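# Per-entry structural report
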Amino acid sequence: MYLIGILTFFQTWTQISGVETAFSSTFAGKITGTIIGYGACIVFIAILFKRGMIRNAITDDAFWLVIYGLLLVATIIAFATTKSFTETAMITDEKAVGNGIYKGILLLAGPFTFPYYYELLNYNDDNEDGTNRVNAKTSFVIAGILFAVYMGFAALLTWVEFTPALEFMKAILLTLLAVSSLSTYLYGTYIAFGRKLGLILNIGTVAFAPFVVPLGVMNIWTIMSELRLPIILIALLVAIGIKIRDKQKW
């Protein structure tokens, strides 16, 4: 859990950088993204300090409904207004294809590296306060399918041109996604390290962000992903070994 907790620092930096990058190509400018990114972190850290938790399950629902709605609208408008469709480098450049496959493999470890997910599973299984149980496996499968839909929209948008208005809509969309993710990652640090140490580490993560964020979204994400892949592979092998040793059902 501590190893996974360390990854939440990188996840937070990735989202801050993403908001800055999204607004850099709009009339609002990079400074707007910087204010939103750091402002969201400060708000969530304050909530955690005061209440010790964030109701992600409730807020994420609303965020993602808006995100998918904006994504659909942006895609329809983009395809309706584009005068000439672009040819993506992923289709024609062998190096880009190889890089895409490599990043895709790195992406597979992602669902295993969120402390909040484990907290949800434990809460659902223990059911100490009598809350209705849900089928967690089905929820995660549906979430995976919805993420694939999201990535499908992202792929479609690589073929079109963006007007200034669409660039701003895209920035809003990515900001909603980032803010939703920030609450999860900052809360994940709390879950991994406890309330007191988690608070100190969250403040440190945000304070250190100006030194890391300039690396860019993809560079930060790649460093994090290359760190987490061996951690998850080892964890999975150990889990499989325990299952075989204890003759548990698959």
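Every value quoted in this text rests on a predicted model; they were computed, and no experiment measured them.

## A few points about the overall build of the chain
When you go through the chain residue by residue, the secondary structure sums to 10 helices and zero strands. Counting from the amino terminus, the chain carries its helices and strands in the arrangement α-α-α-α-α-α-α-α-α-α. What you see for the chain is a C-alpha radius of gyration of 19 Å, in line with the 18 Å of a compact globule of 250 residues. For the chain, the spread of C-alpha atoms along the three principal axes comes to 60 × 40 × 35 Å. Intrachain contacts of the chain at a sequence separation of at least 6 include 78% that bridge at least 24 residues. In the chain, the 17 positive side-chain charges and the 15 negative ones have mean positions that sit 7 Å from each other.

## Digging into the packing of aromatic side chains
According to the stated counting rule, one finds 14 aromatic pairs in the structure shown. Between Phe10 and Trp13, the ring centres sit 5.3 Å apart and the planes meet at 75°, which makes this aromatic pair edge-to-face. Pair noted here: Phe10 and Trp13 are both in helix H1 (residues 2-24), with a separation of three residues, about one helical turn. Its relative accessible area of 15% is what places Phe10 among the buried residues. The exposure class assigned to Trp13 is buried, which follows from its relative accessible area of 8%. With a centroid separation of 4.9 Å and an interplanar angle of 65°, the aromatic rings of Phe114 and Tyr117 are classed as edge-to-face. Among the aromatic residues, ring-to-ring pairing joins Phe10, Trp13, Phe208 and Phe211 into one connected group.

## Details of the side chain of Thr12
Relative to the helices and strands, Thr12 resides in helix H1. Non-local contacts of Thr12, meaning those with residues more than four positions away in its chain, are made with Cys41, Leu182, Tyr185, Leu186 and Thr205.

## Examining a nonpolar patch on the surface
Residues Phe112, Leu236, Ile240 and Ile244 make up a contiguous nonpolar surface patch of roughly 330 Å² in combined accessible area. Position of Leu236 among the secondary structure elements: in helix H10 (residues 217-245).

## A word on the confidence of the model for the chain
The predicted model of the chain averages 87 in pLDDT, with 95% of residues at 70 or higher. Confidence, read as mean pLDDT per element, is least for helix H4 (residues 89-92) in the chain (56) and greatest for helix H9 (residues 195-212) (95).

## Remarks on H9
For an α-helix, the turn length of 3.6 residues means that residues three or four places apart are oriented alike. Its 18 residues place the ends of H9 24 Å apart at the C-alpha level, agreeing with the 26 Å of an ideal helix rising 1.5 Å per residue. Considering bend angle alone, the principal kink of H9 is centred on Val206 and spans about 30°; proline Pro210 follows within four residues of it. Turning to H9, its buried residues are Gly198, Leu199, Asn202, Thr205, Val206, Ala209 and Val212. Residues of H9 that are buried make contact with H1, helix H2 (30-51), helix H8 (164-193) and H10.

## Remarks on the nonpolar core
Trp13, Ile16 and Phe44 are the most contacted members of the largest nonpolar core, which has 29 residues in total. Of all the secondary-structure elements, those providing two or more residues to this core are H1, H2, H8, H9 and H10. Broken down by element, this core gets its largest block of residues, seven residues, from H8. With residues up to four places along the chain from it excluded, the contact list for Trp13 reads Thr205, Phe208, Ala209, Val212, Val213 and Ile220. With 13 residues, the next largest nonpolar core counts Ile67, Leu71, Phe153 and Leu157 among its residues.

## Side note on the side chain of Thr205
With respect to the element layout, Thr205 can be found in helix H9. Residue class for Thr205 comes out buried when judged on its relative accessible area of 4%. Of the polar contacts made by the side chain of Thr205, one reaches the backbone oxygen of Leu201; its length is 2.7 Å.

## Focus: the packing of H1 against H8
Remark: H1 packs on H8, axes separated minimally by 8 Å, with the N-to-C direction vectors making an angle of 160°. As summarised for this structure, H1 and H8 are arranged roughly antiparallel, according to the angle between their axes. Crossing of H1 against H8: the hand is left-handed. Tallied by class, the residues present in the contact of H1 with H8 amount to 18 nonpolar, nine polar and no charged.

About the thresholds
- Within any chain, residue numbers begin from 1 and follow the written order of that chain's sequence.
- With the structure being a predicted model, the display of local features is reserved for residues of pLDDT at least 70 and the display and counting of side-chain atom pairs for 80 or more, all residues being used for whole-chain, interface and lining totals.
- Excluded from the side-chain calculations are hydrogens and water; all other atoms, namely the structure's heavy atoms, are used.
- Elements are defined by DSSP. Helices are runs of H or I of four residues or more, strands are runs of E of two residues or more, and each kind is numbered from the N terminus.
- Only C-alpha atoms enter the radius of gyration, while the globule expectation follows 2.2 Å times N to the 0.38, with N the number of residues.
- Any two residues whose heavy atoms approach within 4.5 Å at even a single point are treated as in contact.
- Only four residue types enter the charge count: Lys and Arg as positive, Asp and Glu as negative, with His and the chain ends excluded.
- Throughout, a charge is located at the NZ atom of Lys, the CZ atom of Arg, the CG atom of Asp or the CD atom of Glu.
- Any two of the Phe, Tyr and Trp rings considered here, Trp counted by its six-membered ring, make a pair once their centres fall within 6.5 Å; the pair's planes then place it as stacked at under 30 degrees, edge-to-face at over 60, or tilted in between.
- Exposure is judged per residue with a 1.4 Å probe applied to protein chains only, and the accessible area is read against the type maximum: over 50% gives exposed, under 20% gives buried, and values in between give partly exposed.
- Patch construction takes residues with relative accessible area above 30% that form no salt bridge. Like charges are linked within 9 Å, and nonpolar side chains (Val, Leu, Ile, Met, Phe, Trp, Tyr) are linked within 5 Å.
- Throughout, the Shrake-Rupley method with a 1.4 Å probe supplies accessible areas, and for residues the shown protein chains are the sole cover considered.
- Within this document, salt bridges are pairs made up of a side-chain nitrogen of Lys or Arg and a carboxyl oxygen of Asp or Glu, the two lying within 4 Å of each other.
- On a range of 0 to 100, pLDDT expresses the predictor's confidence in each residue.
- Given a helix with a known number of residues, its expected span is that number minus one, times 1.5 Å.
- To get the bend at a residue, fit one axis to the 7 residues ending there and another to the 7 starting there, then take the angle between the axes.
- Take the buried Ala, Val, Leu, Ile, Met, Phe, Trp, Tyr and Cys residues and link them wherever side-chain atoms come within 4.5 Å; each set so joined is a nonpolar core.
- Think of a polar contact as two N or O atoms within 3.5 Å of one another; within protein, one of them needs to be a possible hydrogen donor and the other a possible acceptor, and neighboring residues in sequence only count if both atoms come from side chains.
- Note on geometry: axes are C-alpha line fits, over the in-contact stretch for helices, and angles between N-to-C directions span 0 to 180 degrees.
- Angle categories: roughly parallel below 35 degrees, roughly antiparallel above 145, roughly perpendicular from 65 to 115, and oblique for all the rest.
- Crossing handedness follows the turn of the near helix against the far one: under a right angle anticlockwise gives a left-handed crossing, and clockwise gives a right-handed one.
- Classes in brief: Ala, Val, Leu, Ile, Met, Phe, Trp, Tyr, Cys and Pro nonpolar; Asp, Glu, Lys and Arg charged; the others, Gly included, polar.

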